[in-house]
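Structural description and commentary
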Amino acid sequence: MPRCTRKGCGQDFDLATNDPSSCTYHSGAPVFHEGLKSWSCCSDVNKPALDFDEFMKVPGCTVSSHTDKAPEVPAPAIKTSSIASNLIVKEAKDGAEVYSTSTPKLAPPKPSIPPPVEAPVVEDEDDLDVPVSPGTVCKRRSCGTAFVSDEVNRIGDGDETVCTYHPAVPIFHEGSKGYICCKRRVLEFDEFLKIEGCKKGRHVFAPKQRTELQVEQFTDCRVDHYQTPKEVHISVFAKQVDKEKSTVAIEDNQIHLDLYLPGPKRFRRTIVLFGPVNPDGSSYKFYNTKVEVVLKKLDTRSWTLLEKTTRDLGNISLTFGVGGRTGTIGSKDLVLDEQNTNRVN
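Residues numbered from 1 in each chain as written. Predicted model: local features only at pLDDT ≥ 70, side-chain atom pairs only at ≥ 80, totals over all residues. Heavy atoms only, no water.

**What to know about the overall build of the protein**
Check the secondary structure of the protein and you find four helices and 19 strands. Considering only residue pairs separated by 6 or more positions, the protein has 51% of its internal contacts joining residues 24 or more positions apart. Carbon and sulfur atoms provide 52% of the accessible area of the protein, an area that totals close to 24,200 Å². (Helix = DSSP H or I, 4+ residues; strand = E, 2+ residues; numbered from the N terminus. Contact = heavy atoms within 4.5 Å. Areas by Shrake-Rupley, 256 points an atom, 1.4 Å probe, with all protein chains shown as cover.)

See the structure below:
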């Protein structure tokens, strides 16, 4: 049984029942611009699609009979020689004309940019428990096999059960067309539709329903702190932290932060502290925009940094914070350590 070659149709048809209203197709050409995909013949009627599979589902706008003739491809334009345009005429002393060609200046090669790392492709599986109507087309890209029966297309290891398809999405770049999963690239859209699949597997006529799993992403959050002679106050600016799943563990010389943020994001960090603290006297609290940690010092010395370091910081010392309504701003009472108190007195 022949298959229609008109754009947007691709159905198998019977010559005996083929009439002028059998085929609905696109008479124009596909248009790809800035990620949007549409047909030139009905761009004012059908909304451009972002996803290629949705673009292939755009209904045709022209009615006619089916045909199995190959679509006409315009012959490529023949470039004329550019030698004549590059000729330079020079006149010698004896009056003779000397012809030479100028060497065109070539632009320096652009630095190579490494291709982006693609996320792993999650492929659909056929749900054998779902009945399929005859004529249903396989959902895999570039397959096009129409369902006949379970015995022919779904059960066993017969030739009709093998699906040849593209597991990854199409890619359109500067006029070239192809699939991310294989290297072949073409210029014409009709040739793109003919690119044979690069992987073999089982047909998918009724995809299994699956729950989309979000890949966990570790992110970074800003951490600020200030200190008094007896405490160190740490602010972790993480919004809408999940209080049930998140943990803050305070030890003698370090704290462990494991915060679950909205969506698949997560912040995890261990801070080795500059000085020792009392875990029993320390505390933490979750807010809508941040997590506050209050560490109880074991001594009243000033911490040069929040985290312990092996670098030589030289003669550096930090002033203590002040106790006020907002922590360090707007205080009425100045808080001093023992050394500074003796200086004042």
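**Brief notes about the sheet that holds strand S12 (residues 217-218)**
If you trace the four strands from one edge of the open sheet to the other, you get S12-S17-S16-S15, paired in mixed fashion. Each having just a single partner strand, S12 and strand S15 (247-250) make up the two edges of the open sheet. The sheet contact formed by S12 and strand S17 (residues 265-272) spans two bridges and is parallel. Bridge assignment links Phe218 to a residue of S17, and that residue is Arg266. (Pairing = 2+ DSSP bridges.)

**Overview of the sheet that holds strand S9 (residues 176-179)**
Judged by pairing direction, the sheet is antiparallel, and its three strands sit side by side in the order S8-S9-S10 without closing on themselves. Each of the sheet's edge strands pairs with one partner strand only, and the pair in question is strand S8 (170-173) and strand S10 (185-186). Here four bridges tie S8 to S9, and the two strands are oriented antiparallel to one another. Bridging from a neighbouring strand, Pro170 pairs with Tyr179 of S9.

**What about the nonpolar core?**
Residues Ile234, Val236, Leu259 and Leu295 are the most contacted members of the largest nonpolar core, which totals 23 residues. Those residues in contact with Leu295 that lie beyond four places of it in its chain are Lys230, Glu231, Val232, Ile234, Ile250, Ile255, Leu273, Val277 and Ser282. In this structure, Trp39, Phe52, Phe55 and Val58 belong to the second largest nonpolar core, which totals 12 residues. (Core = buried A, V, L, I, M, F, W, Y, C linked by side-chain atoms within 4.5 Å. Buried < 20%, exposed > 50% of the residue type's maximum accessible area, 1.4 Å probe, protein only.)

**Notes on the pattern of salt bridges**
Within this structure, the stated rule accounts for 15 salt bridges. Glu292 is the salt-bridge partner of Lys290, the closest N and O atoms lying 2.8 Å from each other. Its relative accessible area of 25% is what places Lys290 among the partly exposed residues. A relative accessible area of 16% places Glu292 in the buried class. Among the ionic pairs, Asp299 bridges to Arg301, the shortest N-O distance being 3.4 Å. Given the relative accessible area of 27%, Asp299 is considered partly exposed. Each of Glu123, Arg140 and Lys199 takes part in one network of salt bridges that share partners. (Salt bridge = Lys/Arg side-chain N within 4 Å of Asp/Glu carboxyl O.)

**A word on the packing of aromatic side chains**
For the coordinates displayed, the defined rule picks out 15 aromatic pairs. With a centroid separation of 5.7 Å and 90° between ring planes, the pair formed by Trp39 and Phe189 is classed as edge-to-face. Taken as a pair, Trp39 in strand S3 (residues 36-39) and Phe189 in helix H3 (residues 189-193) lie far apart in primary sequence, 150 residues in all. Ring centres of Tyr179 and Phe192 lie 5.1 Å apart, and the angle between their planes is 20°; this geometry places the pair in the stacked category. Highlighted residues: Tyr179 in strand S9 and Phe192 in helix H3, separated in sequence by 13 residues. The burial state of Tyr179 is the same as that of Phe192; both residues are buried. Taken together, the ring pairs in this structure connect Phe32, Trp39, Phe52, Phe55, Phe172, Tyr179, Phe189 and Phe192 into an aromatic cluster. Looking at Arg6, its charged tip hangs above the ring of Tyr25, at a distance of 4.5 Å from the centre. (Phe/Tyr/Trp six-rings, centres within 6.5 Å; stacked < 30°, edge-to-face > 60°. Lys NZ or Arg CZ within 6 Å of the ring centre and 35° of its normal.)

**Points about unusual backbone geometry**
What is expected of a backbone is that most residues other than glycine have negative phi and most peptide bonds are trans. In this structure, Ser142 is a non-glycine residue whose phi angle is positive, near 70°. On the secondary structure map, Ser142 appears in the loop between strand S6 (97-101) and helix H2 (150-153). The phi dihedral of Gln240 falls on the positive side, at around 55°, and the residue is not glycine. Tracing the backbone shows Gln240 in the loop between strand S14 (231-237) and S15.

**Focus: the pairing of strand S19 (residues 291-297)**
Moving residue by residue along a regular strand, the side chains alternate between the two faces of the sheet. For S19, the buried fraction is high: six of the seven residues fall into the buried class. Here six bridges tie S14 to S19, and the two strands are oriented antiparallel to one another. From the neighbouring strand, Val236 faces S19, where its bridge partner is Val291. Sheet topology places strand S18 (residues 277-286) next to S19; six bridges connect them, and they run antiparallel. Looking at the pairing, Lys285 lines up with Glu292 of S19. In sequence, S18 turns back onto S19 through a hairpin of four residues.

**Quick notes on the confidence of the model for the protein**
This prediction gives the protein a mean pLDDT of 79; 73% of its residues lie at or above 70. Taken as a whole, residues 323-332 scores under 50 in pLDDT and shows 10 contacts with residues more than four places along the chain or in a different chain. (pLDDT = per-residue confidence, 0-100.)

**Some details on the environment of Pro20**
With respect to the helices, strands and loops of the structure, Pro20 is situated in the segment before strand S1 (23-25). The exposed category is assigned to Pro20, whose relative accessible area is 67%. Separated by 44 residues in the primary sequence, Pro20 and Ser64 place their C-alpha atoms 4.6 Å from one another. Apart from residues no more than four positions distant in its own chain, Pro20 is found in contact with Val63, Ser64 and Ser65.

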